[in-house]
Amino acid sequence: MSGGADRESSVRRDRADRMTGTAVVVEARKTFGSRVVLTTTAALVAGIAILAGALTAAGRGGNERVLDRLGPLAERTGWDLLLGVVAQITAPAALLGFGVVLSWMFGREFADRTVGALFALPVRRTALAAAKILVFLGWGAAVATALAALLLAAGLMIGLGSPDQGVLAALARQHLLALLSALLATPAAWVATLGRGPLPGIGATLGLIVAAQVVVVAGAGGWFPVAAPALWAIEPASVTPVQLALVTTVPLICAPATLLSWRRLQLDR
Amino acid sequence: MVERRIVANGLSRAFSPAAGVRGIDLAVARGEIHALVGLNGAGKTTLMRLVLGMLRPDSGTCAIDGHDVRTAPTAVWARVGHLVDHALVYGDLDTRTNLVLAARLHGVPRARVGAAVRDIVDELDLGRYLGVRARALSQGNRQRAGLAAALLHRPTTIVLDEPTNGLDPAGVVALRSTLLRRAAGGAGILVSSHHLDEVARVADRITVVNHGRIVGGLDPDGTDLERAFFTLVHQDDQQAGGAA
């Protein structure tokens, strides 16, 4: 009797695993078959690298306006200047880019009205929502890696010379900054679900970016998870490990909340 | 063997005093095509959403193949096909990719996906559009693709809301043949339509919905369905007016 129950439970588990795998495959095809994602990827990676490379080259050339805008970073030189500029640009740009894509991944189902077709399937809606987040994080990791590689190439192209250990460590921080920015974008998934479209998610992302700017100006950036990674990437000593670890609270709250919202979803509006 | 694919008992869901459905009892038997007819806003789509678990009822229950839709296992949902509101079709993807993804989401084993897609493409004559992005399809062909996505896994419970929307006459005929064949094979089909003539051609049973309630049935073999339909609706409107 118990053996039969165990077998049944095992069959159910196998089926559930298969369905979760199916959800990831389907969401990956949907995501990477979309021009929105391809365009955002190109804009994000190439945009940050080109902008940072151009600003650094202009700063090295003594452009007063650019040096003025760079503030304290203007005193830096070479790779140090490039990576300082990049950290400043990446924090808002990556969060915005990641937030837009995640908002679109969740919100499009409502905007395109395909959400109704995701009910009454053997693949649960929570599996689909989890698959969206997993695919997003995988894409985010690829973008972060591509960005770090492109920055290295940009630095070499504008003649900054071979990177030393310190530069490689800064590049690694830059890579982690982009990865953490992907985690910090997870509220977009939840808000796009609650608001039933991409725009609420994008609005929430912009709200986070503005809030981070305000908190940094107020001097409490280290304790604000959205601001801490950028401050750490620019000046590692300015942020404690505890403050940096607080970044994980954002996805740890928002990802389960998103899954719960998809589980409880109804077509009632 | 399950004799009734869908059983709804006392289903109610209110959006406002004037909108929603109240106390709906409904059954769709194995091999039966059961049509819902009613004016716009009568509650047909709401009822179908309740049947598929897209809405939670304020009261009442619904079961598919004997399983309450709130707790039905995945094996039950793998035997359900539906097109309510919008199809499982993404504009960025071509028809072939959309159908492959629909097959996977409906639980078709990977090894059988290709055959399932080929069969439904032949059945609904979609071969010319396999490489076309869904966004570029005409409304009718997009509807065909949506019907293909809903039916390619050979579901035994089928729920379709206004399935002939946008279809050309050839598409209507193809859909009619498909539904009749699926019903003959044992599927239970719940379908809504505004087209009484079309309903009469396929339905075994016709139920009239008005103001969120079932107000009667029509004989599919009757001579003047339109007159019979409006008689039922007007009687109900008058009773509702009198009660108010």
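Residues numbered from 1 in each chain as written. Chains lettered and ligands numbered in written order. Predicted model: local features only at pLDDT ≥ 70, side-chain atom pairs only at ≥ 80, totals over all residues. Heavy atoms only, no water.

### Considering the UniProt feature "transmembrane region" (unreviewed entry) in chain A
Here's step 1: Per the UniProt record, the feature "transmembrane region" (unreviewed entry) sits at residues 36-61, 81-106, 127-156, 176-195, 202-224 and 244-262 of chain A.
Here's step 2: The distance separating the terminal C-alpha atoms of residues 36-61 of chain A is 36 Å; by composition the span is 96% helix and 0% strand. (UniProt positions renumbered as here; feature names shortened; annotations may be inferred. Helix = DSSP H or I, 4+ residues; strand = E, 2+ residues; numbered from the N terminus.)

### Regarding the nonpolar core
Here's step 1: Of all hydrophobic cores here, the largest spans 161 residues; its most connected members are A:Phe98, A:Phe106, A:Phe136, B:Leu99, B:Leu190 and B:Leu218.
Here's step 2: Top element by residues in this core is helix 4 (residues 78-111) of chain A. It accounts for 18 residues.
Here's step 3: Once you skip the residues sitting within four places of it in the chain, A:Phe106 turns out to touch A:Ala129, A:Lys132, A:Ile133, A:Ala189, A:Ala192, A:Thr193, A:Thr258 and A:Trp262. (Core = buried A, V, L, I, M, F, W, Y, C linked by side-chain atoms within 4.5 Å. Buried < 20%, exposed > 50% of the residue type's maximum accessible area, 1.4 Å probe, protein only. Contact = heavy atoms within 4.5 Å.)

### Some words on helix 2 (residues 35-60) of chain A
Here's step 1: Taking 1.5 Å per residue as the helical rise, helix 2 of chain A with its 26 residues ought to reach 38 Å, and the 36 Å between its terminal C-alpha atoms agrees with that figure.
Here's step 2: Note on helix 2 of chain A: the residue one or two positions beyond its end, A:Gly62, has a positive phi of about 85°. (Expected span 1.5 Å × (residues − 1).)

### Examining the packing of aromatic side chains
All names here are of chain A.
Here's step 1: Evaluation of the coordinates by the stated rule reveals six aromatic pairs over all chains.
Here's step 2: When the ring of Phe98 is compared with that of Trp139, the centres are 5.4 Å apart and the planes differ by 85°; the resulting orientation is edge-to-face. Taken together, the residues span a long stretch of sequence, with Phe98 in helix 4 and Trp139 in helix 5 (residues 125-157) at a distance of 41 residues. Neither residue differs from the other here; Phe98 and Trp139 are each classed as buried.
Here's step 3: Seen in terms of ring centroids, Phe110 and Trp262 are 5.9 Å apart; in terms of plane orientation they differ by 65°. Their pairing is edge-to-face. Residue Phe110 is located in helix 4, and its partner Trp262 is located in helix 11 (residues 249-263); the two are separated by 152 residues in the primary sequence.
Here's step 4: What makes Phe110 buried here is its relative accessible area of 11%.
Here's step 5: Feature note: the residues Phe98, Phe136 and Trp139 constitute an aromatic cluster, connected by ring pairs. (Phe/Tyr/Trp six-rings, centres within 6.5 Å; stacked < 30°, edge-to-face > 60°.)

### Some words on unusual backbone geometry
Residue and element names in this part refer to chain A.
Here's step 1: Residue Arg113 is not a glycine yet carries a positive backbone phi of 65°.
Here's step 2: As for its placement among the helices and strands, Arg113 is situated in the loop between helix 4 and helix 5.
Here's step 3: The phi angle at Ala120 is positive, at roughly 55°, despite the residue not being glycine.
Here's step 4: Using a relative accessible area of 6% as the deciding quantity, one classes Ala120 as buried.

### Quick notes on the interface of chain A and chain B
Here's step 1: Taken together, the 31 residues of chain A in the interface contact 31 residues of chain B.
Here's step 2: Of the roughly 2,900 Å² buried between chain A and chain B on both sides combined, carbon and sulfur atoms contribute 56%.
Here's step 3: In this assembly, chain A and chain B are joined by three salt bridges.
Here's step 4: Between A:Arg113 and B:Asp85 there is a salt bridge, with the nearest N and O atoms lying 3.7 Å from each other.
Here's step 5: Our count for the chain A to chain B interface comes out at ten residue pairs in polar contact (both at pLDDT 80 or more).
Here's step 6: Taken together, the elements giving at least two residues each to the side of chain A that touches chain B come down to helix 1 (2-32) and helix 4 of chain A.
Here's step 7: Top element by residues in the side of chain A that touches chain B is helix 1 of chain A. It accounts for seven residues.
Here's step 8: The class makeup of the residues in the side of chain A that touches chain B is 14 nonpolar, six polar and eleven charged. (Buried area = accessible area lost by both parts, 1.4 Å probe. Salt bridge = Lys/Arg side-chain N within 4 Å of Asp/Glu carboxyl O. Polar contact = N/O pair within 3.5 Å; in protein donor to acceptor, adjacent residues only side chain to side chain. Nonpolar A, V, L, I, M, F, W, Y, C, P; charged D, E, K, R; others polar.)

### Examining the pairing of strand 9 (residues 205-210) of chain B
Residue and element names in this part refer to chain B.
Here's step 1: Of all the six residues making up strand 9, five are buried; the element is thus mostly covered by neighbouring parts of the structure.
Here's step 2: In this structure, strand 3 (residues 33-37) lies alongside strand 9, joined through four bridges in parallel fashion. Within the sheet, the bridge partner assigned to Ala35 lies in strand 9 and is Ile206.
Here's step 3: Where strand 9 lies against strand 10 (residues 213-218), five bridges are found, and the strand directions are antiparallel. When the bridges of strand 10 are listed, Thr207 appears paired with Gly217.
Here's step 4: Counting the residues that bridge the hairpin from strand 9 to strand 10 gives two residues, and of these His211 lies at a positive phi of roughly 50°. (Pairing = 2+ DSSP bridges.)

### As for the environment of A:Arg76
Residue and element names in this part refer to chain A.
Here's step 1: In this structure, Arg76 sits in the loop between helix 3 (64-70) and helix 4.
Here's step 2: Taking relative accessible area as the criterion, Arg76 reaches 19% and is therefore assigned buried.
Here's step 3: Taking C-alpha positions, Arg76 is 9.5 Å from Gly59, a pair spaced 17 residues apart along the chain.

### Here we look at the sheet that holds strand 3 of chain B
Residues and elements named next belong to chain B.
Here's step 1: Ordered in space as 6-7-8-3-9-10, the six strands form an open sheet in which the pairing is mixed. Edge positions in the sheet fall to strand 6 (80-83) and strand 10, since each of these pairs with one other strand and no more. Pairs of neighbouring strands in the sheet enclose a mean axial angle of 15°, with direction left out of account. (Axes fitted to C-alpha atoms, helices over the stretch in contact; angles between N-to-C directions.)

### Let's talk about the sheet that holds strand 1 (residues 4-16) of chain B
Residue and element names in this part refer to chain B.
Here's step 1: With antiparallel pairing, four strands are arranged side by side in an open sheet as 2-1-4-5. Strand pairing shows two members of the sheet lacking a second neighbour, strand 2 (19-29) and strand 5 (67-68), which therefore form its edges.
Here's step 2: Where strand 4 (residues 59-64) and strand 5 come together, two bridges link them in antiparallel fashion. In the strand pairing of strand 5, Ile64 is matched with His67.

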